[in-house]
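# Structural characterization, general
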Amino acid sequence: ERAAATGRIEPGLYAAGWLRRGPVGAIPTQRTDARELAEVIAADLERDDAQQRVGMPALRSDLARATTWDGWLLIDAHEKANNAEPRPRTKLTDARQMRLLAASATDLPRSASEDTAVELNNAHLPKLTIAYATESGNAELVAEQLVLHLADRTNASTVDLATLTPDQLQTDTPMLLVTSSYDEGELPTSIRALHAQVVTQGTDLSSLHYGLFGLGDTSYEFFSRGADILDQSLQALRARRIGEIGRHDAGGRTLATEAAARWADTIITELMVTSVKEVAAK
Ligand SMILES: Cc1cc2nc3c(=O)[nH]c(=O)nc-3n(C[C@H](O)[C@H](O)[C@H](O)COP(=O)(O)O)c2cc1C
């Protein structure tokens, strides 16, 4: 009944034409009806959605996972080069591989489907672990890009912080930690258990040297507070932070990957040097 009177079925769902009024009239009548309904929809959008629609900021985290045109060309060329006759290409089906390839400007090994490693020729460089704590994947993407960005200075690999045990944090391999913030400025849910565990156990992390990068959004009250929570706990457990905490605002203009790369450049030398020195001194 309501639909017949106003065209509205429920928020965001409308009916026009015969669906709204029953089998009355021909095309011209329906056209008039549709035009009227369009005005109703436009007015509803104006009134109801104006505050809820965040526009560009809502897209930024997705855009951070997008590739450039050049990156897409690399993926395209790789898929065509790895075709299996008679097919014109073999599609890469793993988004992580695609992102690595797009960002690297170096081709993946031919056995890309079994082997996701990009050839970085950095096995001789000092080891670095880039551990991410993520809810929706941005921190993981940042970690992957940092591996590539730092490949000329370190032999870095990524790991999901949530998969580590407390004793795996008792390491003298330096770490870059990348964490986002959720809820009221909390840590991502995936690492809350590990965090609680190390804090309650009082795990001794005195061998750990780390750099810390926080992802967040200044439109939330507690901007990037997950990073502060992690930092305070790690320091209380005697781990040593090198450099300032880097931060990225998802509502700002820079990409998280770029902000993280610039931040990493400011701390990486000190992180690697102090870690090596302390290991040597032991
Ligand atoms: C439901 C929700 C809650 C969020 N809460 C916060 C917050 O309290 N503080 C903050 O700085 N950012 C907050 N953010 C923003 C995320 O931290 C930011 O988008 C980040 O890039 C996500 O990274 P991830 O994909 O690695 O989890 C929130 C995002 C969502 C979707």
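A few points on the structure.

About the criteria used
Residues numbered from 1 in each chain as written. Predicted model: local features only at pLDDT ≥ 70, side-chain atom pairs only at ≥ 80, totals over all residues. Heavy atoms only, no water. Near = heavy atom within 4 Å. Polar contact = N/O pair within 3.5 Å; in protein donor to acceptor, adjacent residues only side chain to side chain. Areas by Shrake-Rupley, 256 points an atom, 1.4 Å probe, with all protein chains shown as cover. 1 Å grid on protein atoms, 1.4 Å probe; cavity = no way out; pocket = protein on both sides within 12 Å on 5 of 7 lines; lining within 4 Å. Sits in = over half its atoms within 2 Å of the grid points. Helix = DSSP H or I, 4+ residues; strand = E, 2+ residues; numbered from the N terminus. Buried < 20%, exposed > 50% of the residue type's maximum accessible area, 1.4 Å probe, protein only. Points joined across faces, edges and corners; volume = space filled by probe spheres on them. Nonpolar A, V, L, I, M, F, W, Y, C, P; charged D, E, K, R; others polar. Contact = heavy atoms within 4.5 Å. Salt bridge = Lys/Arg side-chain N within 4 Å of Asp/Glu carboxyl O. Right-handed = clockwise from strand over helix to strand, strands pointing away. Pairing = 2+ DSSP bridges.

Glancing now at the site of the ligand. As a structural note, the neighbourhood of the ligand is formed by 20 residues, with T134, S136, A139, S181 and S224 the closest of them. In the model, an oxygen atom of the ligand is placed 3.1 Å from a nitrogen or oxygen of the G137 main chain. One nitrogen or oxygen atom from the main chain of D183 is found 2.8 Å from an oxygen atom belonging to the ligand. In isolation the ligand has 650 Å² of accessible area, and contact with the protein removes 83% of it. One can see that the ligand is located within the largest pocket.

Tracing the chain through its elements places E46 in helix α3 (residues 27-49). With relative accessibility at 63%, the residue E46 sits in the exposed group. Taking C-alpha positions, E46 is 34 Å from T68, a pair spaced 22 residues apart along the chain.

For the rest of this paragraph, the subject is empty space enclosed by the protein. Under the defined criterion, the tally for this structure stands at one cavity of 30 Å³ or more. As for the largest cavity, its lining consists of L161, L169, L177, I191, L194, H195, V198, L230, S233 and L234. Contributing elements (two or more residues each) for the lining of the largest cavity: α8 (192-201) and α9 (225-236). A class-by-class count of the residues in the lining of the largest cavity yields eight nonpolar, two polar and no charged.

What follows concerns the side chain of S233. Take S233: it is sitting in helix α9. Here the side chain of S233 touches H195 through a polar contact of 2.6 Å, side chain to side chain. Each residue touching S233, except ones within four places of it in the same chain, is listed here: H195 and V199.

Turning next to the pattern of salt bridges. Per the stated rule, a full pass over the model turns up 17 salt bridges. Among the ionic pairs, D33 bridges to R20, the shortest N-O distance being 3.3 Å. A residue pair is termed long-range when its members are at least 10 positions apart, and D33 in helix α3 and R20 in helix α2 (residues 18-21) qualify at 13 residues. This pair shows no difference in class: D33 is buried, exactly as R20 is. Here R225 ties to E186 by a salt bridge, and the two come within 3.1 Å at their closest N and O atoms. With a gap of 39 residues between them, R225 in helix α9 and E186 in the loop between β5 (175-179) and α8 connect regions that are remote in the sequence. By relative accessible area, R225 is classed as partly exposed at 28%. One salt-bridge network, held together by shared partners, links D76, E79, K80, R89 and K91.

What follows covers the pairing of strand β6 (residues 209-216). Counting buried residues along β6, eight of its eight residues qualify, which places the element largely inside the surrounding structure. Because side chains alternate across β6, one face comprises the buried residues H209, G211, F213 and L215, and the other comprises Y210, L212, G214 and G216, equally buried. After leaving β5, the chain enters α8 and then returns to the sheet as β6, a path that is right-handed. Strand direction decides the pairing type here: β6 and strand β7 (residues 240-241), joined by two bridges, are parallel. Within β7, the residue paired with H209 across the bridge is R240. A crossover connection joins β6 to the parallel β7 through α9; in handedness this β-α-β unit is right-handed. The pairing of β6 with strand β8 (residues 246-249) spans four bridges and is classified as parallel. Counterpart to F213 in the pairing with β8 is G246.

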